[in-house]
Amino acid sequence: MSDRKVRVRFAPSPTGPLHIGGVRTALYNYLFARQHGGDMILRIEDTDSTRFVPGAEEYIIESFKWLGIQFDEGVGIGGQYGPYRQSERREIYKQYVNQLLDAGKAYVAFDTPEELDAKRKEIENFQYDATTRMQMRNSLSLSASEVERLIAEGHQYVVRFLIEPGREVLVDDIIRGEVIINSSILDDKVLYKSADQLPTYHLANIVDDHLMEVTHVIRGEEWLPSAPLHVLLYEAFGWTDTMPRFAHLPLLLKPVGNGKLSKRDGDKLGFPVFPLEWHDPKSGEVSSGYREKGYLPQAVVNFLALLGWNPGNDHSEVLSMEELIQLFDLGKCSRNGARFDYVKAAWFNHQYLVNQPDEAWVPSLQKILEENGIVSTPEKMAEVVRMMKLKVIEYTDGEGNKKKRNISFVSDLWPLVRFFFVAPDSIDREDKFVRKNWKEGTAAEMKQLAEVLSGIEDFSVEGQKQVVDAWTEENGMRPWNAWRICLVGAGQGPDMYELSAFLGREETLRRMQFAIDTLG
RNA sequence: GGCGCUUUCGUCUAGCGGCUAGGACACAUGCCUCUCACGCAUGGAACACGGGUUCGAUUCCCGUAGGCGCUACCA
């Protein structure tokens, strides 16, 4: 395998929106492929016709486009190994199933789902395998003529893989090392379903990976138990020398409590588990997405990359896609499940957000302002961003506690920028900051300050600073906090000269008068 | 139940026989300061347990316990 070109695939089922764990799996595939100058394939595994959800495939493609994960071939791109949608490969699978049948490595079975259910109820831990298959209705237990008759009569049947018991099957996993499993515990898996005349995952997966010349299968840990079956299938087809290497990734776990990360956790704790917002076509239910929530794709990628892998030592954790590609190492992936730390996800977003140029915030800020009925200019909005982007915001955590955190999302900005555009229409006299900074003679001081400001020719930050600083020094006054109450109505906001310059003389004086009138 | 994977601060992790067990997020405190912050500094905080192997185990092996997954004509 060493001289083959690296080829990996991400193969989701179009059964709904792409789960964030799937995104990470795809990301690891991408990083690995790019690092080795290989190809990455997008294959749609739609062999379960009953679970097909319209729109899911488009959703998947759009998600990766947003995230900046590019496929080299596959659905929506094309390539030499297509078709890449499994439902369009029926004939191919049929051919390979027959090959197994002819070689006596698989057999047909007539047991209906109902019969199997009954069997499972009757016998505890029933398994369709070497110990039970002769008691079932299949081409091994039935005579050839009987089998022929049943087929001719149109009885539905499945094709099962004939597992030879008592063999030690070796799965060589890049992350977990050598995993050895005895074939006796495996059951005769259904390879070909009667219901929709399509193969099951196991068969389709092996045939496609072989035909598409996949060299590395990087997938979630939930596949580890069936990896021995896959190894056996490669053997049965005689493809062992080109069998891909496996890497089974640890799962993403709930932030709190037990179990793997689910959509419900996101709903409960207020974070998305899908890259994009998803509108369920059946239920009409809307699930939030990272994009709509205000996350930057680079932040999502960076955060996900570090959930289960780490560059080691004291390396900075803020890493671009290029850096990730360079540093990534499958062998250094951790083997145990990672709790989904959405607080850290917000921190990553903060990192990327504040390092964006201020202009990049403008479109989202504009949207927020519009929602609140405010129209502004791009210059003004960039100015506001410059003054406010390092501020913090209060939020309520999962337990209902009030907490503070960095601005992590553009959508956080509104409560922090409101006063730039809307004058305070009331001031809370009982507010801690107001009580501390608005005292007996404050109104008189503000009147004086207003007078000084009226007389300033150049109302820019520098112009004000010169005159007002001189004035405060002369009188030994510290008017800023009270002035802040006038212009903001509370103890927050940017530097006062910056704010008054932004508002302009007229608005500044008007707000000061309002405060003097209301607070006295 | 059976089988497999797994176990270092609250969380993500570094470590690959000898370390004051390192970093990041979160938390706390201090400095800075016209507010809230940002930033900077400091601090608390971990090797699941029991046996081995070894001069020496967080590190290797075996148990126990916990966690996770699989056990469909789903992927």
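Structure: above.
Residues numbered from 1 in each chain as written. Chains lettered and ligands numbered in written order. Predicted model: local features only at pLDDT ≥ 70, side-chain atom pairs only at ≥ 80, totals over all residues.

(A) Layout of the overall build of chain A. Summing up its helical and strand segments, chain A has 21 helices and 16 strands in all. For 520 residues, the compact-globule formula gives about 24 Å, and the C-alpha radius of gyration of chain A, at 32 Å, lies well above that figure. Viewed in the frame of its principal axes, chain A has a C-alpha envelope of about 110 × 50 × 35 Å. When each of the 520 residues of chain A is scored for burial, the buried share is 34%. A fraction of 74% describes how many contacts in chain A between residues 6 or more apart in sequence connect residues 24 or more apart. (Helix = DSSP H or I, 4+ residues; strand = E, 2+ residues; numbered from the N terminus. Rg over C-alpha atoms; globule rule 2.2 N^0.38 Å. Buried ≥ 20, exposed ≤ 12 C-beta atoms within 10 Å, placed from the backbone. Contact = placed C-beta atoms within 7 Å.)

(B) Structural view of the protein's contact with RNA strand B. Around RNA strand B sit 67 residues, and of these Glu45, Asn258, Asn336, Trp480 and Gly491 come closest. Sorting the residues of the surface near RNA strand B by element identifies helix H4 (113–122), strand E7 (177–182), strand E14 (338–339), helix H12 (342–354), strand E16 (402–406), helix H19 (480–487) and helix H20 (496–503) as the ones contributing at least two each. A class-by-class count of the residues in the surface near RNA strand B yields 25 nonpolar, 22 polar and 20 charged. (Near = placed C-beta within 6 Å. Nonpolar A, V, L, I, M, F, W, Y, C, P; charged D, E, K, R; others polar.)

(C) Main features of the sheet that holds strand E5 (residues 158–161). The three strands lie next to each other as E4-E5-E8, forming an open sheet whose pairing is antiparallel. The sheet terminates laterally at strand E4 (106–109) and strand E8 (190–192), the two strands that pair on one side only. Each strand axis lies, on average, 45° off the axis of its neighbour in the sheet, ignoring direction. (Pairing = 2+ DSSP bridges. Axes fitted to C-alpha atoms, helices over the stretch in contact; angles between N-to-C directions.)

(D) Structural context of the packing of helix H18 (residues 461–475) against H20. Their axes nearest at 9 Å, the elements H18 and H20 cross at an angle of 125°. Comparing the axis directions of H18 and H20 gives the class oblique. Classified by chirality, the crossing of H20 by H18 is right-handed. Contact residues: Val461, Gln464 and Lys465 in H18; Tyr497, Glu498, Ser500 and Ala501 in H20. When grouped by side-chain class, the residues that make up the contact of H18 with H20 number three nonpolar, two polar and two charged. (Parallel < 35°, antiparallel > 145°, perpendicular 65-115°, else oblique. Left-handed = near helix turned anticlockwise from the far one by under 90°.)

(E) Main features of the packing of helix H6 (residues 201–211) against helix H7 (residues 227–237). At their nearest, the axes of H6 and H7 sit 10 Å apart, and the two run at 55° to each other. The angle between H6 and H7 falls in the class oblique. In this structure, the crossing between H6 and H7 has a hand that is right-handed. Residue-level inspection shows His202, Ile206 and His210 of H6 in contact with H7, the latter providing Leu229, His230, Leu233, Tyr234 and Phe237.

(F) Region of interest: the nonpolar core. Judged by nonpolar contacts, the single largest core of 87 residues is most densely connected at Leu27, Val300 and Leu304. When residues of this core are assigned to domains, at least three map to each of domain 1 (7–77 + 206–253) and domain 2 (91–192). Not counting residues within four places of it along the chain, the set of residues in contact with valine 300 comprises Leu67, Pro275, Tyr290 and Tyr295. Counting residues in each nonpolar core, the second largest holds 14 residues, with Trp483, Leu487, Val488 and Met512 among its members. (Core = buried A, V, L, I, M, F, W, Y, C linked by C-beta atoms within 7 Å. Domains from an automatic or database assignment.)

(G) Region of the structure containing the pairing of E4. Side-chain alternation along E4 places Ala106 and Val108 on one buried face and Tyr107 and Ala109 on a second face that is also buried. Pairing of E4 with E5, which is carried by four bridges, proceeds in the antiparallel orientation. Residue tyrosine 107 lies in a different strand from E5, and its bridge partner there is arginine 160.

(H) How the structure looks around H6. When we look at burial in H6, the residues that qualify are Leu203, Ala204, Asn205, Ile206, Val207, Asp208 and Asp209. Turning to H6, the residues buried within the fold contact helix H3 (90–102), E8, strand E9 (216–220) and H7. Just beyond H6, the residue with positive phi is glutamate 213, at close to 55°.

(I) Up close: the environment of serine 141. Its place among the elements puts serine 141 in the loop between H4 and helix H5 (144–152). Sequence separation of serine 141 and lysine 189 is 48 residues, and the distance between their C-alpha atoms is 17 Å. In this structure serine 141 touches Arg133, Met134 and Met136, once residues within four positions along its chain are discounted.

(J) Quick look at unusual backbone geometry. Residue proline 83 is bonded to the preceding glycine 82 through a cis peptide linkage, with omega at -5°. Among the secondary structure elements, proline 83 is positioned in the loop between strand E3 (73–74) and H3. At asparagine 125, a position not held by glycine, the phi torsion is positive, near 55°. Within the secondary structure, asparagine 125 sits in the loop between H4 and H5. Phi is positive for glutamate 213, close to 55°, though the residue is something other than glycine. Mapped onto the fold, glutamate 213 is located in the loop between H6 and E9.

(K) Quick look at the environment of proline 357. Along the chain, the position of proline 357 falls in the loop between H12 and helix H13 (362–371). For proline 357, a count of 10 C-beta atoms within 10 Å puts it in the exposed group. Placed 25 residues apart in sequence, proline 357 and alanine 382 show a C-alpha to C-alpha distance of 9.1 Å.

(L) How the structure looks around helix H17 (residues 442–454). Taking 1.5 Å of rise per residue, 13 residues should cover 18 Å, and H17 covers 18 Å from first to last C-alpha, within 8% of that figure. Those residues of H17 that are buried lie in contact with H19 and helix H21 (505–519). (Expected span 1.5 Å × (residues − 1).)

(M) Structural context of the pairing of strand E10 (residues 245–249). A large share of E10 lies buried, amounting to four of its five residues. The pairing of E9 with E10 spans five bridges and is parallel. Note on E10: the bridge partner recorded for histidine 216 is arginine 245. Crossover E9 to E10 through H7 is right-handed. (Right-handed = clockwise from strand over helix to strand, strands pointing away.)

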